[in-house]
Amino acid sequence: MSHRKYMQILKLDDAEVRSRRAFFEISDEDLARLAALRPLAEKHTDDIVEGFYELLLRHPETRKFFEDEATIRRVKRTQREYFLGLFAGKCDLAYVEDRLRVGAAHERIGLAPKWYLGAYRRYLQLVHDRLYRELPPAEAGAAFASMQRLVMFDTALAIDTYIAANAETLGRHQAAIRELSTPVIRVHDGVLLLPLVGAIDSHRAQQITESVLLRVAEEQAKCIIIDIAGVPVVDTKVADHLVKTTAAVKLLGAQTILTGISAQVARTIVQLGVDISAMHTLARLADGIELALSLVGKSIRAKEPR
Amino acid sequence: MIGVIPILRIGATLLATVHVELHDEIANAFQADVLTMIEKTGATGLVIDITGLEMVDSYVARILAETGRMAKLMGTATVLVGMRPEVAATLVRMGYEMSGVRTALNLEDGLALLGKRLVDLP
Amino acid sequence: MIAVAATSTLSTATLRIASEDDVVNVRRKVKSIAQERKFDGFATAAITTATSELTRNALVHGGGGIAIVEEVSDGMRVGIRVQFRDEGPGIADIERALRGGYSTARSMGLGLSGSRRLVDEFALDSVPGKGTVVTIVKWKPF
């Protein structure tokens, strides 16, 4: 997912960024302090980035993400920019966008949050050591505190990136399931067929209704055959869903033929008292197709023998 | 308000095309116009085309069903055509039967239902 | 009560419900957010219709009031929350009103029970003599 999409999903606008900044207590003073440390940061960037990746390359679980030289080089370059970004002296929308770009890149290669966050800890450690080495304790302390606030702010963004990516994947999977679970077939002009297979829960039932309605409208189909031979359990709820789908199709001006009604299902439906009198129902799909064709003024006829 | 919903006469059938949201005065005027035209023309069929309606709530559903009932009292059969998938799904989900209202996919099918054919009309 | 714990509000707009035109306004506002947020056609129709029903209820049975339309997020998904407030006579028998069903008798009941089926979250608070607050939330389906 692109960093722009993350910005959208996380509704990251000026107001949101300001609100986060306030909550992480990143003051103008903090940013000024960090900006003043830039020369120092530039001096140490290379070995901090080395130290950062040394950890990642040391552990087999994280090393595999950086298998080839080209990847390592590229990623180190990104990290240099990232690290120096902490000392740019700003924490605004542009800053956030930059951070998300890095987050998105890591998420894309599949680096799990635990590694990502563990690596951030390493960052802080490396910086902490050098700050205390180069500056008097009081100054080092203040600098580290400022840095910590900004790094935590970045960490929150990183976590959000993972959550948003998961949500997006879930969405795509749901869409794929929806496609696969409602294969509406056009058997003839104005006649559609939907062979239902598998269990039907409320969620799927709704998707079915929606897919059916869209196809009927799209094809201006006068008739749709819904075959339920492949549905393992037909209880009141399922029967109710089928009734609702039929009612909706009727509102569009088309008819529904339900086929694949087994002896067991016929008993269940009548015993449950579900009223499906408004629907055409048949045991066999083949009969359903014949009925459907007759409803559109067609019929199947044997060819004349020569 | 009169004439906001265009009502065309095709032989002995009236075709009303609802292309704007039906609320309040527009709905009332629509009903009045339809009935006036039935009276004037002696139309025996009424097709209400709701292809343009993106939303039908209980109020609009009631107006449409009522219009059909009023037309029926005057001897005119009504067919609702072109309902959008989202509208149908919503109505059914809400639990509105809209019983007593005949529906068809489009104008051609609607006229066929009323016993007329596009091809036969003057 | 609707769980508001982990939900953040991304935007909020308060609209007046005083006339039939306002029913259209509130509905349009909700629809525009749904389209902006790329809710699919069915979800958009669902939230728009529920909004229309409840706004009309507030107008016709509640004597008018306000609708607070908000974009919300729970960190993972985006949703639309609408709260309808009126200071009307209130609903004496909430259970009955919500049962609604296929009865053509009380149009309000039908609007309430119907709307409930169109949204993901639905809360109704009403005190006879004081007024009614109906809150609905529709999350963007994946």
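Please read these numbers as outputs of a predicted model, since none were measured by experiment.

Would you mind showing me how to read the overall build of chain A here?
Scanning chain A for helices and strands turns up 13 helices and 5 strands. A compact globule built from 306 residues would reach a C-alpha radius of gyration of about 19 Å, whereas chain A, at 31 Å, exceeds it by more than 25%. Along the first, second and third principal axes, the C-alpha set of chain A runs to 100 × 45 × 35 Å. Within chain A, the fraction of its 306 residues that count as buried is 43%. For chain A, long-range pairs separated by at least 24 residues make up 76% of all intrachain contacts whose partners lie at least 6 apart in sequence.

How do you make sense of the interface of chain B and chain C when you look at a structure like this?
A common measure of how large an interface is: the accessible area buried when the components associate. Contacts between the two partners involve 18 residues from chain B and, on the opposite side, 22 residues from chain C. Here chain B packs against chain C, burying approximately 1,800 Å² in sum over the two surfaces, 55% of which is carbon and sulfur. It is Met55(B), Arg93(B) and Met94(B) in chain B that bury the most area against chain C; as a group they hold 31% of the surface buried on that side. In this structure, the connection of chain B to chain C is made through 3 salt bridges. Counting across the interface, chain B meets chain C through 7 residue pairs in polar contact (both at pLDDT 80 or more). If you list the elements that add at least two residues to the side of chain B that touches chain C, you get helix H2 (58-73) and helix H3 (85-94) of chain B. Residue contributions to the side of chain B that touches chain C peak at 6 residues, all from H3(B).

Which parts of the structure should I look at to understand the sheet that holds strand E2 (residues 65-73) of chain C?
Across a sheet, strands are paired by hydrogen bonds formed along the backbone, either parallel or antiparallel in direction. All names here are of chain C. An order of E1-E2-E3-E5-E4 is seen for the 5 strands of this open sheet, with the pairing classed as antiparallel. Edge strands, defined here as strands with exactly one partner in the open sheet, are strand E1 (8-17) and strand E4 (121-127). Strand-to-strand twist of the sheet, defined as the mean angle between neighbouring strand axes without regard to direction, takes the value 10°. Two strands pair when backbone bridges link them, and E2 and strand E3 (residues 78-86) are joined in this way by 9 bridges, in the antiparallel orientation. Within E3, the position partnered with Ile66 by the bridge is Arg85. Against the sheet, helix H2 (residues 41-60) makes contact with E1, E3 and strand E5 (131-139), and its axis sits at roughly 175° relative to E5, the strand it touches most.

It is not clear to me how the interface of chain A and chain B should be interpreted in this structure. Could you clarify?
Listed by partner, the interface residues are 16 residues for chain A and 14 residues for chain B. Carbon and sulfur atoms make up 65% of the surface buried where chain A meets chain B, a total of about 1,300 Å² over both sides. When the buried area of chain A at its contact with chain B is split by residue, Gln220(A), Leu251(A) and Leu252(A) rank highest and sum to 45% of it. Here chain A is connected to chain B by 1 salt bridge. For the salt bridge of Asp109(B) with Lys222(A), the shortest nitrogen-to-oxygen distance reads 3.3 Å. The interface formed by chain A and chain B contains 5 residue pairs in polar contact (both at pLDDT 80 or more). Those elements that place two or more of their residues in the side of chain A that touches chain B are helix H10 (202-219) and helix H11 (236-252) of chain A. At 6 residues, the largest contribution of residues to the side of chain A that touches chain B is made by H11(A). Partitioned by chemical class, the residues of the side of chain A that touches chain B number 10 nonpolar, 3 polar and 3 charged.

Help me understand the sheet that holds strand E3 (residues 223-230) of chain A, please; the structure alone is not making it clear to me.
On the basis of which strands lie adjacent, the open sheet formed by 5 strands has the order E1-E2-E3-E4-E5 (chain A) and mixed pairing. Only two strands of the sheet have a single partner each, and these edge strands are strand E1 (185-188) and strand E5 (280-281) of chain A.

Would you mind showing me how to read the packing of helix H1 (residues 20-36) of chain C against H2(C) here?
If you want to describe how two helices pack, look at the angle between their axes and the distance between the axes. Residue and element names in this part refer to chain C. Here H1 crosses H2 at 155°, and the two axes come no closer than 9 Å. Considering the angle they form, H1 stands roughly antiparallel to H2. Crossing of H1 against H2: the hand is right-handed. Listed contacts from H2 to Glu20, Asp22, Val23, Val26, Arg27, Val30, Lys31, Ala34 and Gln35 of H1 are Thr44, Ile47, Thr48, Thr51, Ser52, Thr55, Arg56 and Leu59.

About the cut-offs
- Residues numbered from 1 in each chain as written.
- Chains lettered and ligands numbered in written order.
- Predicted model: local features only at pLDDT ≥ 70, side-chain atom pairs only at ≥ 80, totals over all residues.
- Heavy atoms only, no water.
- Helix = DSSP H or I, 4+ residues; strand = E, 2+ residues; numbered from the N terminus.
- Rg over C-alpha atoms; globule rule 2.2 N^0.38 Å.
- Buried < 20%, exposed > 50% of the residue type's maximum accessible area, 1.4 Å probe, protein only.
- Contact = heavy atoms within 4.5 Å.
- Buried area = accessible area lost by both parts, 1.4 Å probe.
- Salt bridge = Lys/Arg side-chain N within 4 Å of Asp/Glu carboxyl O.
- Polar contact = N/O pair within 3.5 Å; in protein donor to acceptor, adjacent residues only side chain to side chain.
- Pairing = 2+ DSSP bridges.
- Axes fitted to C-alpha atoms, helices over the stretch in contact; angles between N-to-C directions.
- Nonpolar A, V, L, I, M, F, W, Y, C, P; charged D, E, K, R; others polar.
- Parallel < 35°, antiparallel > 145°, perpendicular 65-115°, else oblique.
- Left-handed = near helix turned anticlockwise from the far one by under 90°.

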